[in-house]
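Examination of the molecular architecture
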Amino acid sequence: MSNLQVGIRLHDMEKTTLENRFSLAKEQGFQCVHLASKLVYSEYQIDRHGLTLGLASHIRRELQKNDLDLAMYGCYLNLANPDPEQLHEIIEEYKANIRFASYLGASIVGTETGAPNTTYTFCPQCHEEPALLYFLKNLKTVVDYATSYGITIAIEPVWRHIIYNPIRTRFALDFIDSPNLQIIFDPVNMLSSDNHKEQEALFSEMLERNGKDIVLLHAKDYQEENGEIVAYAPGSTGNLDYTNIIKWQQNNKPFLQATIENSTPENAIMARNFLQSL
């Protein structure tokens, strides 16, 4: 039996109040949760100015009541946005959510790594050096701010974004050179129609180069459909081979937290059982 601690992304759960989602997560046997800023905003009908200590205290009490850890607080905005006014607003959002994460008692604020456009969509320039350097400049601003609050920023490599492979991941970590920048490893997000059949070699390289900096796993499965990688809950298709990843986790990161993604209320427990049985 794995010692992996399995959690769930709260916005994948039944459409109900945040408080009810915590109760359901406990009932379904999850040990931790991924709470996204967008869910907090929609749940309480606020913007960043509503992210108060009082709200954080309420959420923290609800987590404690349900014996749940907050594996990560998500703030997924585009730090490579080329529009100066929009970028300024995005960085202010990150700062507000970093402060809120510190009120919540969260250790990790998770994020992806952007695209060099205002639509946050994939383009060939994502994988070119100017986008990388522009993103890292803005990421450093956020990491420096997080450091002052004792928060770790965890970036998630995604094939369709700027940090998309093991080498770029290592470059980003070394460029920022801060213990407050770490990695969320989401294996499916690193796949494309061109590389998914070589997933074993890709994941081995990722763990070899960057394993020491991984603080959280995101777990899902996938199917190639019309030349695109489409995500499903873990254990749904059997196309993602977790054998070596879990072996690495057991040997190097006991009790690491992993949150399932792309689940539905109908298959969430199946996904948890799948991961915990590996």
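Coordinates for the structure precede this section.
Each chain has its residues counted from 1, running along the sequence as written. In keeping with the model being predicted, local features are shown solely for residues with a pLDDT of at least 70 and side-chain atom pairs are shown and tallied solely at 80 or more, while totals for entire chains, interfaces and linings include all residues. Values reported for side chains reflect all heavy atoms of the structure, with hydrogen atoms and water molecules removed beforehand.

1. Here we look at the overall build of the protein chain
Rules: For the purposes of this entry, the term helix denotes a DSSP run of H or I that reaches at least four residues, the term strand denotes a run of E that reaches at least two, and both are numbered from the N terminus. Two things to know: the radius of gyration comes from C-alpha atoms, and the globule rule equals 2.2 Å times the number of residues to the power 0.38. We call a residue buried when its accessible area falls under 20% of the maximum for its residue type, exposed when it is over 50%, and partly exposed in between, using a 1.4 Å probe and counting protein chains only. Contacts are residue-level and defined by heavy atoms, with any inter-residue pair within 4.5 Å sufficient. Residue burial considers only the protein chains on display, and all accessible areas are found by Shrake-Rupley using a 1.4 Å probe. Asp and Glu count as negative and Lys and Arg as positive, but His and the ends of the chain are not part of the count. Where a charge sits is defined by one atom per residue type, namely NZ (Lys), CZ (Arg), CG (Asp) or CD (Glu).
Looking only at helices and strands, one finds nine helices and ten strands in the protein chain. For 278 residues, the compact-globule estimate of 2.2 N^0.38 gives 19 Å, and the protein chain sits close to it at 18 Å. For the protein chain, the C-alpha atoms occupy an extent of roughly 45 × 45 × 35 Å along the three principal directions. A buried classification covers 56% of the 278 residues belonging to the protein chain. Of all intrachain contacts in the protein chain linking residues separated by at least 6 positions in sequence, the fraction that spans at least 24 positions is 76%. Taken as a whole, the protein chain presents about 12000 Å² of accessible surface, with 49% of it coming from carbon and sulfur. Looking at charge distribution, the protein chain has the averaged site of its 23 positive side-chain charges lying 5 Å from that of its 35 negative ones.

2. Some thoughts on unusual backbone geometry
The phi dihedral of Tyr120 falls on the positive side, at around 50°, and the residue is not glycine. On the secondary structure map, Tyr120 appears in the loop between strand 4 (108–111) and helix 5 (129–148). Taking the relative accessible area as the measure of exposure, Tyr120 reaches 23% and is therefore partly exposed. Of note in the backbone geometry, Asn226 takes a positive phi value of approximately 55° without being a glycine. Its place among the elements puts Asn226 in the loop between strand 8 (221–225) and strand 9 (228–232).

3. As for empty space enclosed by the protein
Spelled out, the test is: Cavities and pockets were defined on a 1 Å grid built over protein atoms only: a cavity is a set of grid points that admits a 1.4 Å probe from which the probe cannot escape, a pocket is an open set flanked by protein on both sides within 12 Å along at least five of seven lines, and lining residues are those with an atom within 4 Å of any such point. Grid points are joined across faces, edges and corners, and a volume is the space filled by probe spheres set on the points. Under the grouping applied here, Gly and all other residues not named as nonpolar or charged are polar, the nonpolar ones being Ala, Val, Leu, Ile, Met, Phe, Trp, Tyr, Cys and Pro and the charged ones Asp, Glu, Lys and Arg.
Counting across every chain of the model gives one cavity of 30 Å³ or more. Here the largest cavity is characterised by a volume of approximately 40 Å³. Looking at the largest cavity, the residues that line it are Leu4, Pro187, Leu217, His218, Ala219, Tyr242, Ile245, Ile246, Ala258 and Leu275. Elements with a minimum of two residues in the lining of the largest cavity: strand 7 (214–219) and helix 8 (243–252). Here the residues of the lining of the largest cavity are counted per class, giving nine nonpolar, one polar and no charged.

4. Structural notes on the packing of aromatic side chains
Applied cut-off: When two rings of Phe, Tyr or Trp (its six-membered ring) have centres within 6.5 Å they constitute a pair, described as stacked for plane angles under 30 degrees, edge-to-face for angles over 60, and tilted for the intermediate range.
According to the stated counting rule, one finds six aromatic pairs in the structure shown. Ring centres of Phe185 and Phe203 lie 5.9 Å apart, and the angle between their planes is 75°; on these two criteria the pair is classed as edge-to-face. Residue Phe185 is found in strand 6 (residues 181–185), and its partner Phe203 is found in helix 7 (residues 199–210); the two are separated by 18 residues along the sequence. A single burial state applies to Phe185 and to Phe203, both of which are buried.

5. A short note on the nonpolar core
What tends to happen in soluble globular proteins is that the nonpolar side chains get buried as a cluster. This is how the line gets drawn: We define the nonpolar core as a collection of buried residues of types Ala, Val, Leu, Ile, Met, Phe, Trp, Tyr and Cys that are connected through side-chain atoms lying within 4.5 Å of one another.
In terms of nonpolar packing, the biggest core is built from 80 residues, with Leu35, Tyr73, Leu139 and Ile153 touching the most fellow members. Not counting residues up to four positions away in its chain, the partners in contact with Leu35 are Leu10, Leu18, Val40, Ile59, Leu70, Met72, Tyr73, Gly74 and Leu104. Within the second largest apolar cluster, seven residues are counted, among which are Cys32, Met72, Ile108 and Ile184.

6. Quick word on the pattern of salt bridges
Counted only if it meets this: By definition here, a salt bridge exists when the distance from a side-chain nitrogen of Lys or Arg to a carboxyl oxygen of Asp or Glu is within 4 Å.
Evaluation of the coordinates by the stated rule reveals 15 salt bridges. The residue Asp144 makes a salt bridge to Lys140 at a minimum N-O spacing of 2.9 Å. On the criterion of helical spacing, the pair formed by Asp144 and Lys140 is a turn pair, its members being four residues apart in helix 5. Of the charged contacts, one joins Asp213 and Arg170 as a salt bridge, the two residues approaching to 2.9 Å between their closest N and O atoms. Within this pair, whereas Asp213 is found in the loop between helix 7 and strand 7, its partner Arg170 is found in helix 6 (residues 166–176), the two being separated by 43 residues in sequence. On the accessibility criterion, Asp213 (10% relative accessible area) is buried. Residues joined by salt bridges that share partners form a network here, namely Arg9, Asp12, Asp186, Lys220 and Glu261.

7. Re helix 2 (residues 37–44)
For the α-helix, the turn length of 3.6 residues means that residues three or four positions removed from each other point alike. Regarding helix 2, the residues found buried are Ser37, Leu39, Val40 and Tyr41. Looking at the packing, one finds that the buried side of helix 2 touches helix 1 (18–27), strand 2 (32–36), helix 3 (53–65), strand 3 (69–74) and helix 4 (84–104). Positive backbone phi, approximately 55°, marks Gln45, located one or two places after helix 2.

8. Some details on the layout of surface pockets
Counted as a void, the largest pocket has a volume near 740 Å³. Mapped onto the lining of the largest pocket, the elements with two or more residues apiece are strand 2, helix 2, helix 4 and strand 9.

9. Some words on the pairing of strand 4
What counts here: The path from the first strand over the helix to the second decides the hand: if it runs clockwise while the strands point away from the viewer, the crossover is right-handed.
In strand 4, alternate side chains face the same way, and those of Ile108 and Gly110 on one face and Val109 and Thr111 on the other are all buried. What joins strand 3 to strand 4 is helix 4, and the crossover it makes is right-handed. Each parallel crossover has a hand, and for strand 4 linked through helix 5 to strand 5 (residues 152–155) it is right-handed.

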